[in-house]
Amino acid sequence: MSGPNGRFAAVFFDLDGTLVSERTGVREARAAIGTRLNELGLYHKPASAFADTVEMVIGGILEDNDWQWPLWLHSEEWVRRTLAVAEVTVSEDEFRELNQVYRDERSDRAEAIQGWPEALAAARTHGPIGLITNYNDGPMQREKIRGAGLEGEFDGVYISGEVGIWKPEPGIFEHAARDLGVDPRDCVHIGNNIQSDVEGALAAGMSAVLVEEEDRPRPAGLNGDAAWCEDLLGVAAWLRGG
Ligand SMILES: [Mg+2]
């Protein structure tokens, strides 16, 4: 039994861009890379200029991908590309350090998106709540959950880097459902990425909800089997059958 007027055996959420803002604190964390480069004497512009270059690099990639974040675009990748565009050469040790600076700043500044208490409360009326998130660095993702004040909200946390399966592969959705003792066909997954969240969940037999990513329009090509909500309050209403 599933659907907005039925009951789900469990409700799963994506993290980044769904429950945790991809806006708040992100620019500061990117600028922190510029600050560290300043300290190393490798970059002579303001740290904010480095953040501008990161945004330009990522913006160009997103524009080419219907404003969907490509699965291969990890922080190491955009740091490497931004350094190339900014014409900054670093050693491999420095490169690792710069990525760590970003990870530390990002988790410290993590902020949950408005409407999350309502969405999780509505999910709780169905059953257990799971988190299914694509990230290669499990400890950092758990730090981000803690930093955003979401620790303890989930009955299961499934991070690709720890599970060894990445969305949209159905295996990670099946793994999460099995772990919570439910059938994927009785579950719903809510996320902000058409490919990893919606297509992946549908392939695993789950229902799927695409929640609009902050200030990005409803994308073209949404599978007709998926629901769409403009924000987390919309998700809460959908889960309550409204
Ligand atoms: Mg996401």
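Calculation rules
- Residues numbered from 1 in each chain as written.
- Predicted model: local features only at pLDDT ≥ 70, side-chain atom pairs only at ≥ 80, totals over all residues.
- Helix = DSSP H or I, 4+ residues; strand = E, 2+ residues; numbered from the N terminus.
- Rg over C-alpha atoms; globule rule 2.2 N^0.38 Å.
- Core = buried A, V, L, I, M, F, W, Y, C linked by C-beta atoms within 7 Å.
- Buried ≥ 20, exposed ≤ 12 C-beta atoms within 10 Å, placed from the backbone.
- Contact = placed C-beta atoms within 7 Å.
- Pairing = 2+ DSSP bridges.
- Right-handed = clockwise from strand over helix to strand, strands pointing away.
- Axes fitted to C-alpha atoms, helices over the stretch in contact; angles between N-to-C directions.
- Parallel < 35°, antiparallel > 145°, perpendicular 65-115°, else oblique.
- Nonpolar A, V, L, I, M, F, W, Y, C, P; charged D, E, K, R; others polar.
- Arc of directions from axis to C-beta.

S.K.: Teacher, can you tell me more about the overall build of the chain here?
M.R.: Counting its regular elements, the chain contains ten helices and six strands. Computed over its C-alpha atoms, the radius of gyration of the chain comes to 18 Å, within 12% of the 18 Å expected for a compact globule of 242 residues. With the C-alpha coordinates of the chain rotated into their principal frame, the extents come out at 60 × 35 × 30 Å.

S.K.: Would you take a moment to explain the nonpolar core for this structure?
M.R.: Nonpolar side chains in soluble globular proteins generally cluster together in the buried interior. Judged by nonpolar contacts, the single largest core of 46 residues is most densely connected at Phe12, Leu19, Ala119, Phe173, Val188, Val209 and Val235. Filtering out sequence-adjacent residues up to four positions away, phenylalanine 12 remains in contact with Gly130, Ile132, Ala176, Cys187, His189 and Ile190. If you look at the next biggest cluster of nonpolar residues, it comprises 16 residues, including Val26, Ala29, Val57 and Leu83.

S.K.: I tried to follow the pairing of strand S2 (residues 129–133) on my own but got confused; where do I start?
M.R.: Remark: a regular strand shows side chains that alternate across the two faces of the sheet. The buried fraction of S2 amounts to four of the five residues, a majority that puts the element mostly inside the structure. Summarising the sheet, strand S1 (residues 10–13) and S2 pair through three bridges and their orientation is parallel. Directly across from valine 11, in S2, lies its bridge partner isoleucine 129. Remark: the S2/helix H6 (residues 138–147)/strand S3 (residues 156–159) crossover connection has right-handed handedness.

S.K.: Mind showing me how you'd approach the pairing of strand S5 (residues 207–211) here?
M.R.: Across the five residues that make up S5, a large majority, five, are buried. By the alternation rule, side chains of S5 split into Ser207, Val209 and Val211 and Ala208 and Leu210, which are all buried. Sheet topology places strand S4 (residues 187–191) next to S5; four bridges connect them, and they run parallel. Bridging from a neighbouring strand, glycine 191 pairs with leucine 210 of S5. In the classification by handedness, the crossover that spans S4, the intervening helix H9 (residues 194–203) and the parallel S5 is right-handed.

S.K.: Could you clarify how one ought to interpret the sheet that holds S1 in this entry?
M.R.: Spatial ordering of the open sheet is given by S3-S2-S1-S4-S5-S6, a layout of six strands whose pairing is parallel. Whereas interior strands pair on both sides, the edge strands pair on one side only; in this sheet they are S3 and strand S6 (227–229). The sheet shows a mean angle of 20° between the axes of neighbouring strands, direction not considered.

S.K.: When you look at the packing of helix H4 (residues 92–108) against H6 in this model, what are you seeing that I'm missing?
M.R.: Helix-helix packing is characterised by the crossing angle of the two axes and by the distance between the axes. Where H4 contacts H6, the two axes come as close as 7 Å, and the packing angle between them is 25°. The orientation of H4 with respect to H6, classified from their angle, is roughly parallel. Of the residues in H6, those in contact with Arg103, Arg106, Ser107 and Asp108 of H4 are Met140, Glu143, Lys144 and Gly147. Split by residue class, the contact of H4 with H6 holds one nonpolar, two polar and five charged.

S.K.: Looking at this model, I keep getting lost on helix H3 (residues 75–85). Mind explaining?
M.R.: Along an α-helix, residues three or four positions apart point the same way, because every turn accommodates 3.6 residues. Within H3, burial applies to Ser75, Val79, Thr82 and Leu83. When H3 is viewed along its axis, its buried side chains cluster within an angular range of 100° and face the same direction. Across H3 from its buried face, at more than 90 degrees, point the exposed residues Ala84 and Val85. Where H3 is buried, its residues contact helix H1 (26–39), helix H2 (47–63) and H4. Looking one or two residues past H3, glutamate 87 carries a phi angle of roughly 55°, positive in sign.

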